[in-house]
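Next come the chains, spelled out residue by residue.
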Amino acid sequence: MKKPHIILVDDQMDVLSALMQDLASFRDKFILDDCESAKEAFELLEELDASDGQTVLIMADHIMPNKNGIEFLSELSENDSLIHVRKVLITGQASHEDTINAINTASIDYYISKPWVVENLHAVVKKMITCWVLDNGLNYHDYEAFIDTEVLFRRLKAEGGTKH
């Protein structure tokens, strides 16, 4: 099985580099892709779709030129082939209204404020991976080191037991 992708989108290279470094431990099971714009991320998603690549998670900055993170993630929400892709908005400048808008229109799964704490970033990514694995009916044992056990047990309990 090909490694699934985690896509990081930010127009600032220093932020992308920090995210890539902070998430390096996820490279054992996932490919980390960095994109400097929504346009570049859309192109990557098209390439992955054409090659049957899987995308687990897209983390996008809110404030970017041409298309901000909320607009980008909103467009992703309209694409049926990306229904199980988890979406996280990262920002240090969003207002309360922007955050509500992101949740309501972009169907984001999580919101991370800059600067982030690495342990919290890892916890969020593990939650997103766990949801993705379960939503896609995959064997969570294949991703054991990257599974959030609280999310796993809560979901399995809601489903009435283990099926993997």
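Residues numbered from 1 in each chain as written. Predicted model: local features only at pLDDT ≥ 70, side-chain atom pairs only at ≥ 80, totals over all residues. Heavy atoms only, no water.

Chemist: Lay out the side chain of arginine 86 with the relevant residues and their values.
Modeler: One can find arginine 86 in strand S4 (residues 86-91). On the accessibility criterion, arginine 86 (14% relative accessible area) is buried. Ignoring any residue separated from it by four or fewer positions in sequence, one finds arginine 86 in contact with Val56, Leu57, Ile58, Asp109, Met128, Cys131, Trp132 and Asp135. (Helix = DSSP H or I, 4+ residues; strand = E, 2+ residues; numbered from the N terminus. Buried < 20%, exposed > 50% of the residue type's maximum accessible area, 1.4 Å probe, protein only. Contact = heavy atoms within 4.5 Å.)

Chemist: Could you give an account of the layout of surface pockets, naming the residues involved and the relevant values?
Modeler: Space inside the largest pocket adds up to approximately 330 Å³. Mapped by element, the contributors of at least two residues to the lining of the largest pocket are helix H2 (38-50) and helix H3 (69-77). Of the residues forming the lining of the largest pocket, the biggest block, 5 residues, is contributed by H2. When grouped by side-chain class, the residues that make up the lining of the largest pocket number 8 nonpolar, 7 polar and 4 charged. (1 Å grid on protein atoms, 1.4 Å probe; cavity = no way out; pocket = protein on both sides within 12 Å on 5 of 7 lines; lining within 4 Å. Points joined across faces, edges and corners; volume = space filled by probe spheres on them. Nonpolar A, V, L, I, M, F, W, Y, C, P; charged D, E, K, R; others polar.)

Chemist: Hey, could you go over the nonpolar core for me, with residue numbers and the actual values?
Modeler: Residues Ile6, Met59 and Ile129 are the most contacted members of the largest nonpolar core, which totals 32 residues. For this core, the elements supplying multiple residues, two or more each, are strand S1 (5-9), helix H1 (13-22), strand S3 (55-61), S4, helix H5 (118-135) and helix H6 (149-159). Top element by residues in this core is H5. It accounts for 8 residues. Discounting chain neighbours no more than four positions away, the residues touching methionine 59 are Ile7, Leu8, Val9, Leu23, Val88, Ile90, Ile112, Leu121 and Val125. Listed in part, the 20 residues of the second largest apolar core include Ile7, Val9, Leu45 and Ile108. (Core = buried A, V, L, I, M, F, W, Y, C linked by side-chain atoms within 4.5 Å.)

Chemist: Describe the pattern of salt bridges, listing the residues and the values that go with them.
Modeler: Side chains that differ in sign of charge can pair as their charged atoms come close. Counting across every chain of the model gives 7 salt bridges. Measuring nitrogen to oxygen at the nearest pair gives 2.3 Å for the salt bridge that ties glutamate 75 to lysine 67. Taking relative accessible area as the criterion, glutamate 75 reaches 32% and is therefore assigned partly exposed. Residue classification places lysine 67 among the partly exposed positions, given a relative accessible area of 23%. The partner of arginine 86 in a salt bridge is aspartate 135, with the nearest N and O atoms 2.9 Å apart. Of this pair, arginine 86 sits in strand S4 while aspartate 135 sits in helix H5, placing them 49 residues apart in sequence. Among the charged side chains, a salt-bridge network with shared partners connects Arg86, Asp109, Asp135 and Arg155. (Salt bridge = Lys/Arg side-chain N within 4 Å of Asp/Glu carboxyl O.)

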